[in-house]
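Residues per chain are reported as follows:
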Amino acid sequence: MAKMWEGRFGKETDLLVNDFNSSIRFDCRLYEEDIKGSMAHAKMLGKQGIIEQKEADAILAGLADILSDIQEGKISFSLEYEDIHMNIEKLLTERIGDAGKRLHTARSRNDQVALDMRLYVKKEIDEIRELVFGFMEALCEKAKKNLDTVMPGYTHLQRAQPVTFAHYMMAYANMLKRDITRLTDCKERMDEMPLGSGALASTTHPIDRKMVAAELGFASVTDNSLDGVSDRDYCIELLSALSILMMHLSRLSEEIIAWCSWEFKFVELDDAYSTGSSIMPQKKNPDVCELIRGKTGRVYGSLTTLLTMLKGLPLAYNKDMQEDKEAVFDAIDTVKQCLEVFTPMFETMELLGENMKKAASRGFINATDCADYLAKKGVPFRDAYKITGSLVGECIQRGKTLEELTLEEFKEFSPIFEEDVYHAIDLMTCVSERKVLGGPAPQEVARQIQAIENFIKENQ
Ligand code: ARG
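A quick note: this is a predicted structure, and the numbers were derived from the prediction, not measured.

Parameters and conventions
- Residues numbered from 1 in each chain as written.
- Predicted model: local features only at pLDDT ≥ 70, side-chain atom pairs only at ≥ 80, totals over all residues.
- Heavy atoms only, no water.
- Near = heavy atom within 4 Å.
- Polar contact = N/O pair within 3.5 Å; in protein donor to acceptor, adjacent residues only side chain to side chain.
- Helix = DSSP H or I, 4+ residues; strand = E, 2+ residues; numbered from the N terminus.
- Nonpolar A, V, L, I, M, F, W, Y, C, P; charged D, E, K, R; others polar.
- Pairing = 2+ DSSP bridges.
- Buried < 20%, exposed > 50% of the residue type's maximum accessible area, 1.4 Å probe, protein only.
- Contact = heavy atoms within 4.5 Å.
- Salt bridge = Lys/Arg side-chain N within 4 Å of Asp/Glu carboxyl O.
- Core = buried A, V, L, I, M, F, W, Y, C linked by side-chain atoms within 4.5 Å.
- Phe/Tyr/Trp six-rings, centres within 6.5 Å; stacked < 30°, edge-to-face > 60°.
- Lys NZ or Arg CZ within 6 Å of the ring centre and 35° of its normal.

Caption draft 1: Structural view of the site of the ligand. Near the ligand you find Ser23, Asp27, Asp83, His85, Arg109, Asn110, Val113, Tyr317, Gln322 and Lys325, and these make up its full shell. Within the contact set of the ligand, a nitrogen atom lies 2.9 Å away from a side-chain nitrogen or oxygen of aspartate 83. Contact between the ligand and glutamine 322: a nitrogen atom at 2.7 Å from a side-chain N or O atom of the residue. For the shell around the ligand, the element with the most residues is helix α7 (residues 109-145), which contributes three residues. Split into classes, the residues belonging to the shell around the ligand amount to two nonpolar, four polar and four charged.

In structure tokens:
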């Protein structure tokens, strides 16, 4: 079959090469971006008198028809025409004749693919942001209902100090807030239109790049044609933002996996979001969380693919760059799928507050508060720390918690202890007195929730 480049060649492409070279299997998803980009280009060619207006009109009508035919599933692309760009150009020429052959004036597939990818990434960033906002809202909702749900906070996975489930969830909401700003930042920086860079050295035709940019909703145009065709920084930025986002989802997944084990039993996943075992009848597994944790590696893999693919490339376009697509597409698909399933799984997750409280009441998580009690009565903190440490040692020996000690027992360690120590080390006091900015006190976490809700409102 005749290739678009047939003029120079004396032989047909080997079938293996044909297959190997072709990207239509995966870049067919760029059909809409490709057609919209070509429409803007054709309009500009017509307006600038580079092609006749009636030819531009024929191209626009032909492309509109092709778009609706693709959307209606009437078109099957051909491996023969290598990629989405040549497939569509070929279809257009078959339909409208010579005018179709003029579409590629002042353009190369190199700047064409650069444009398509930018259009696609911009659109996907918006969709991912929406999904992240949806999850942030779910976190705020859970937090609002659990301002008083005391649970142990951990360091080194050892019970450390009491927090609340609301406080815990708002930690994740703040991570997601940063994810949103990273995605927004990436989109702002990449909002430049590359068409007009040509193959690498622009064109001698009197094109109007700014018109094309305005037509397609870009903020500006790329400033150097070599860079315009070879820049994939925005793909790397996107994949690194997505990797960090997945890392956050993976950490929360890990927590939920632990929390639904019998060792913790802090939460119960809804049956609709859990799976069973083929042999063990008692099992209810958190597969969704485990898959999210697992798929995080896959997104990191895409980031590594791009970084490695680009590191040795001379300017300008090299065919290696065709490999950017599957990495970017797979990362985007994976992140969207994870967010789509994680949000309802999280929303339907039942909290077992009594178990959280029970866990919080064992493990001496109010020991810091006991030391602070003495420090507030004038004992230097280092001495207060030591006294409390000895108290904890004694409690372990006697199988008691701090609040189970009698006042006499307290006084054996320091005469400063009075009846009010019981109030000071009460779990709820430990939480509600931590009302400094960022702390777990209910009214402070309510402020944190409000801050995230305002962020969502202002940025959505
Ligand atoms: N399919 C190619 C890609 O995805 C389009 C650009 C091809 N340009 C070229 N000169 N071979 O990168």
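Caption draft 2: Structural detail: the pairing of strand β2 (residues 158-164). Bridge analysis of strand β1 (residues 150-155) against β2 gives six bridges, and the strand direction is antiparallel. Bridging from a neighbouring strand, valine 150 pairs with threonine 164 of β2. In this antiparallel pair of consecutive strands, β1 and β2, the connection spans two residues, and histidine 156 shows a positive phi of 55 degrees.

Caption draft 3: How the structure looks around helix α15 (residues 367-376). Within α15, burial applies to Ala367, Asp369, Cys370, Ala371, Tyr373 and Leu374. Turning to α15, the residues buried within the fold contact α16 (381-398), α17 (407-413), α18 (421-424) and α19 (427-432). Directly after α15, the chain includes glycine 378, whose backbone phi takes a positive value near 100 degrees.

Caption draft 4: Structural context of the pattern of salt bridges. For the coordinates displayed, the defined rule picks out 41 salt bridges. Its salt-bridge partner being glutamate 254, residue arginine 293 comes within 2.4 Å of it at the nearest N-O pair. In this pair, arginine 293 is assigned in helix α12 (residues 287-310) and glutamate 254 in helix α11 (residues 233-259), connecting sequence segments 39 residues apart. Where lysine 284 meets glutamate 268, a salt bridge forms, and the shortest distance between an N and an O atom there is 2.9 Å. Placement of lysine 284 in the loop between β5 (267-268) and α12 and of glutamate 268 in strand β5 is noted, with a sequence separation of 16 residues between them. A relative accessible area of 32% means that lysine 284 is categorised as partly exposed. Overall, the relative accessible area of 26% leaves glutamate 268 in the partly exposed class. Sharing partners across several salt bridges, the network here consists of Glu394, Arg398, Lys400, Glu409 and Glu412.

Caption draft 5: Representation of the nonpolar core in the model. Judged by nonpolar contacts, the single largest core of 111 residues is most densely connected at Phe135, Leu238, Leu242 and Ile256. Residue contributions to this core peak at 15 residues, all from α7. Excluding its chain neighbours within four sequence positions, the residues that come into contact with leucine 242 are Ile128, Leu183, Val299, Ala331, Ile332 and Val335. Listed in part, the 19 residues of the second largest apolar core include Cys370, Ile387, Cys395 and Leu407.

Caption draft 6: Representation of the environment of leucine 216. Relative to the helices and strands, leucine 216 resides in helix α9 (residues 209-216). A residue is classified by how much of its surface remains accessible, and leucine 216, at 16% relative accessible area, is buried. Note: C-alpha distance between leucine 216 and glycine 37 (179 residues apart in sequence) is 7.3 Å. Discounting residues that sit within four places of it in the chain, leucine 216 has contacts with Lys36, Gly37, Ala40, Leu115 and Leu119.

Caption draft 7: Representation of the environment of lysine 142 in the model. Within the secondary structure, lysine 142 sits in helix α7. Lysine 142 sits in the buried class, given a relative accessible area of 11%. Between the C-alpha atom of lysine 142 and that of phenylalanine 346, which follows or precedes it by 204 residues, the distance is 8.9 Å. When near neighbours in sequence (up to four residues on either side) are disregarded, lysine 142 contacts Phe165, Phe346, Glu347, Met349 and Leu351. At 3.2 Å, the side chain of lysine 142 forms a polar contact with the backbone oxygen of phenylalanine 346.

Caption draft 8: Structural view of the environment of arginine 382. Within the secondary structure layout, arginine 382 lies in helix α16. Residues arginine 382 and methionine 247, 135 residues apart in the sequence, show an inter-C-alpha distance of 38 Å.

Caption draft 9: Region of interest: the packing of aromatic side chains. If you walk through the whole model with that rule in mind, you get twelve aromatic pairs. Between the aromatic rings of tyrosine 373 and phenylalanine 417, the centroid separation amounts to 5.8 Å while the plane-to-plane angle is 5 degrees, which identifies the pairing as stacked. Here tyrosine 373, found in helix α15, pairs with phenylalanine 417, found in the loop between α17 and α18; they are 44 residues apart in sequence, far enough to count as distant. Each member of the pair, tyrosine 373 as well as phenylalanine 417, carries the same accessibility label: buried. Plain terms: the ring middles of phenylalanine 410 and phenylalanine 417 are 4.8 Å apart, the flat faces sit at 45 degrees to each other, and that makes the pair tilted. Pairwise contacts between aromatic rings join Tyr373, Phe410, Phe417 and Tyr422 into one cluster. If you follow lysine 142 out to its NZ or CZ, it ends over the ring of phenylalanine 346, 5.4 Å from the centre. Here lysine 265 stacks its cationic end above the ring of tryptophan 262, 4.6 Å away from the centre of that ring.

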